[in-house]
Amino acid sequence: MGFETKTIRIAMNGITGRMGYRQHLLRSILPIRDAGGFTLEDGTRIQVEPILVGRNEAKIRELAEKHKVAEWTTDLESVINDPTVDVIFDASMTSLRAATLKKAMLAGKHIFTEKPTAETLEEAIELARIGKEAGVTAGVVHDKLYLPGLVKLRRLVDEGFFGRILSIRGEFGYWVFEGDIQAAQRPSWNYRKEDGGGMTTDMFCHWNYVLEGIIGKVKSVNAKTATHIPARWDESGKEYKATADDASYGIFELETPGGDEVIGQINSSWAVRVYRDELVEFQVDGTHGSAVAGLNKCVAQQRAHTPKPVWNPDLPVTESFRDQWQDVPANAELDNGFKLQWEEFLRDVVAGREHRFGLLSAARGVQLAELGLKSNDERRTLDIPEITL
């Protein structure tokens, strides 16, 4: 007796963008499709059928032909209202996202989306409310928690490796070229506030779920933002004024599930040159040990193996501090983080249950970004209230 195969039709909006194309289409949905889908615990086979959606007809047609995707369209409304479409995925501009997600859920579609889900907390909460009332499965990309480095870091937390956790420090960013001599490697709208751009808006929604997922609840924020590069050049080579922040420096008060207070600090910048092993790194320090995790690698140092440095500015350092840390093994096959979350989300769609990273988690991310910008404007620490629907 053969097992049933279920095909989930996914309309992928904004697929010509960097993240939508590389991570969601190229490294997630197409590999699932080309592998013949994946199998549920009961033996049911889940296959995916992408429909490419975008505003640029030439680009969408080209991608569809290149990757042998049968369906594509520039008409987002048509796929939202198509009864054969099961999931609407959105990776378009932030300023357009809330309207798309709202229409999709009101049409009874499951949604999977990049973040931030909305430009304001009010809109983000409304989306969470609509999703709950519509009874659809709503998933928000929380890709960093699926990265091998952070999976290892979370495992150390679960195993009690750190003892009492004291602090977490993050460093994120790289140099994004201005666009005059060398082309910028990020889209120009990222640096225009009026188009939904800005480091705080973009990254604090990530840092909220990372801090929640590794440490615990975020209780307060104190942020300082900056527009270090005031002028940039867009995709057509035209100079424009950067109206959004390109760096954000945040301090957070956190609370573990056990009630311990932890201090968090994350520097985020598109005007920094990388002198670290990976583009993002987090260091967690505790009474019994410390660890540093990036996208893939994680190293740790136990209390018993911690050296006792002596401060002496008159002598050169002879020991290599990096060599005193040990690699944390994966002890498992860790696939692409985006693909892993897609599969988890689709399992939830088939089962008709909530996805663990949904619109309420996304709303907390929007809230942290909003309060981070307010903290900068008012030059003070702000408490983070509970969100209720």
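Just so it is clear, the structure is predicted and the values come from calculations on it, not from any experiment. (Residues numbered from 1 in each chain as written. Predicted model: local features only at pLDDT ≥ 70, side-chain atom pairs only at ≥ 80, totals over all residues. Heavy atoms only, no water.)

## Considering the overall build of the protein
Worth spelling out the cut-off: Helix numbering and strand numbering both begin at the N terminus, where a helix is a DSSP run of H or I of at least 4 residues and a strand a DSSP run of E of at least 2. The globule rule used for comparison is 2.2 Å times the number of residues to the exponent 0.38, while the radius of gyration itself is calculated over C-alpha atoms. The rule is simple: take the accessible area with a 1.4 Å probe, protein chains only, and divide by the maximum for that residue type; under 20% is buried, over 50% is exposed, in between is partly exposed. Calculation of accessible area relied on Shrake-Rupley with a 1.4 Å probe; when residues are assessed, cover is drawn exclusively from the protein chains displayed. Positive charges are assigned to Lys and Arg, negative charges to Asp and Glu, while His and the chain termini are left out of the count. We put the charge of a Lys on NZ, of an Arg on CZ, of an Asp on CG and of a Glu on CD.
Helix and strand counts for the protein come out as nine helices and 18 strands. Relative to the 2.2 N^0.38 estimate, which gives 21 Å for 389 residues, the radius of gyration of the protein is 22 Å and therefore close to what a compact globule would have. Seen through its principal axes, the protein has C-alpha atoms that stretch 70 × 60 × 40 Å. Expressed as a percentage of the 389 residues in the protein, the buried residues total 51%. As presented, the protein carries roughly 19,200 Å² of accessible surface, and 50% of it is formed by carbon and sulfur atoms. Distance from the positive charge centre (48 side chains) to the negative charge centre (58 side chains) of the protein: 1 Å.

## Thoughts on the UniProt feature "domain: GFO/IDH/MocA-like oxidoreductase" (unreviewed entry) in the protein
Defined as follows: UniProt positions are given in the numbering used here, feature names are shortened, and annotations may be inferred rather than shown by experiment.
Mapped onto the present numbering, the UniProt feature "domain: GFO/IDH/MocA-like oxidoreductase" (unreviewed entry) falls at residues 152–291. The annotated region residues 152–291 carries 16% helix and 38% strand content, and the separation between its end C-alpha atoms amounts to 10 Å.

## Comments concerning helix α4 (residues 94–106)
Formally: To estimate how far a helix should reach, multiply one less than its number of residues by 1.5 Å. Whether two residues are in contact is decided by their heavy atoms: any pair within 4.5 Å suffices.
Across its 13 residues, α4 extends 19 Å between first and last C-alpha, which sits within 8% of the 18 Å expected from 1.5 Å per residue. Turning to α4, its buried residues number three or more, namely Thr94, Arg97, Ala98, Thr100, Leu101, Ala104 and Met105. Contacts made by the buried residues of α4 are with β1 (5–13), α3 (76–80), β5 (87–90), β6 (110–113), α5 (121–134) and α9 (359–378). Backbone geometry just downstream of α4 places glycine 108 in the positive-phi region, at approximately 85°.

## Some remarks on α5
Between its first and last C-alpha atoms α5 spans 20 Å; for 14 residues at 1.5 Å apiece the expected length is 20 Å, and the two agree. All buried positions along α5 are accounted for by Leu121, Ala124, Ile125, Leu127, Ala128, Ile130 and Gly131. Just downstream of α5 lies glycine 135, where phi reads positive at about 70°.

## Structural notes on the pattern of salt bridges
Heads up, the rule is: Take a side-chain nitrogen of Lys or Arg and a carboxyl oxygen of Asp or Glu: if they are within 4 Å of each other, that pair is a salt bridge.
Applying the stated criterion to the full structure yields 25 salt bridges. Between arginine 61 and glutamate 57 there is a salt bridge, and its shortest N-O distance comes to 2.7 Å. With arginine 61 and glutamate 57 both in helix α2 (residues 57–66), this residue pair falls four residues apart, about one helical turn. Of the residues examined, arginine 61 reaches a relative accessible area of 32% and is grouped as partly exposed. Between glutamate 114 and lysine 115 there is a salt bridge, with the nearest N and O atoms lying 2.9 Å from each other. This pair shows no difference in class: glutamate 114 is buried, exactly as lysine 115 is. The network of salt bridges with shared partners includes Arg9, Glu49, Glu71 and Asp82.

## Focus on the layout of surface pockets
Where empty space is left in the structure can be found by rolling a water-sized probe over the atoms. We count it as follows: Cavity means a closed set of points on a 1 Å grid over the protein atoms alone, one where a 1.4 Å probe fits but cannot get out, pocket means an open set with protein on both sides within 12 Å along at least 5 of 7 lines, and lining means a residue has an atom within 4 Å of a point. Grid points are joined across faces, edges and corners, and a volume is the space filled by probe spheres set on the points. Residues are grouped as follows: Ala, Val, Leu, Ile, Met, Phe, Trp, Tyr, Cys and Pro are nonpolar; Asp, Glu, Lys and Arg are charged; all remaining types, including Gly, are polar.
Quantified by volume, the second largest pocket comes out at close to 450 Å³. Lining the second largest pocket are 21 residues; nearest its centre among them are Asp277, Glu281, Val292, Val299 and Arg322. Split into classes, the residues belonging to the lining of the second largest pocket amount to eight nonpolar, four polar and nine charged.

## Examining the nonpolar core
What counts is decided by this rule: Residues enter a nonpolar core if they are buried and are Ala, Val, Leu, Ile, Met, Phe, Trp, Tyr or Cys, with the set joined through side-chain atoms within 4.5 Å.
With 47 residues, the main nonpolar core has Leu153, Phe162, Trp207, Val221, Phe252 and Phe282 as its most contacted residues. In contact with phenylalanine 282, other than residues within four places in its own chain, are Leu150, Leu153, Ile168, Arg169, Gly170, Trp207, Val210, Ile266, Ala291, Val292 and Ala293. Counting 28 residues, the second largest nonpolar core, distinct from the first, contains Ile29, Leu40, Phe89 and Val349.

## Some remarks on the sheet that holds strand β18 (residues 382–383)
The cut-off we apply is this: Strands are labelled as partners when DSSP assigns at least two bridges between them. What counts as an axis is a line fitted to C-alpha atoms, over the stretch in contact for a helix, and the angles between N-to-C directions run from 0 to 180 degrees.
Taken in spatial order, the nine strands of this open sheet run β17-β16-β15-β14-β8-β13-β12-β9-β18, and their pairing is mixed. Lying at the two open borders of the sheet, with one neighbouring strand each, are β17 (326–327) and β18. Contacting β8 (165–173), β9 (217–226), β12 (247–255), β13 (261–269) and β14 (280–286), helix α7 (residues 199–214) runs over the sheet at an angle of about 25° to β12. Relative to the sheet, α9 contacts β9, β12 and β18, its axis offset from that of β9 by approximately 50°.

## Things to note about the side chain of threonine 117
Mapped onto the fold, threonine 117 is located in the loop between β6 and α5. Every residue in contact with threonine 117, bar those within four places of it in the chain, is listed here: Arg97, Ala98, Leu101, Ala124, Leu127, Val140, Leu359, Ala362 and Val366.

## Looking at the pairing of β1
With nine bridges joining them, β1 and strand β3 (residues 45–53) adopt parallel strand pairing. If you follow threonine 5 over to β3, its bridge partner there is arginine 45. In terms of strand pairing, β1 meets β5 through four bridges, oriented parallel. Paired with alanine 11 across the two strands is isoleucine 88, which belongs to β5.

## Points about the packing of helix α6 (residues 148–158) against α7
α7 packs onto α6 with a crossing angle of 35° between their chain directions and a minimal axis gap of 9 Å. Counted together, Leu150, Leu153, Arg154 and Val157 of α6 and Val210, Gly213 and Ile214 of α7 form the full contact between these two elements. Residue composition of the contact of α6 with α7, grouped by class: five nonpolar, one polar and one charged.

## Digging into the environment of isoleucine 88
Within the fold, isoleucine 88 resides in strand β5. Excluding its chain neighbours within four sequence positions, the residues that come into contact with isoleucine 88 are Ala11, Val79, Ile80, Thr100, Ala104, Lys109, His110, Ile111 and Phe112.

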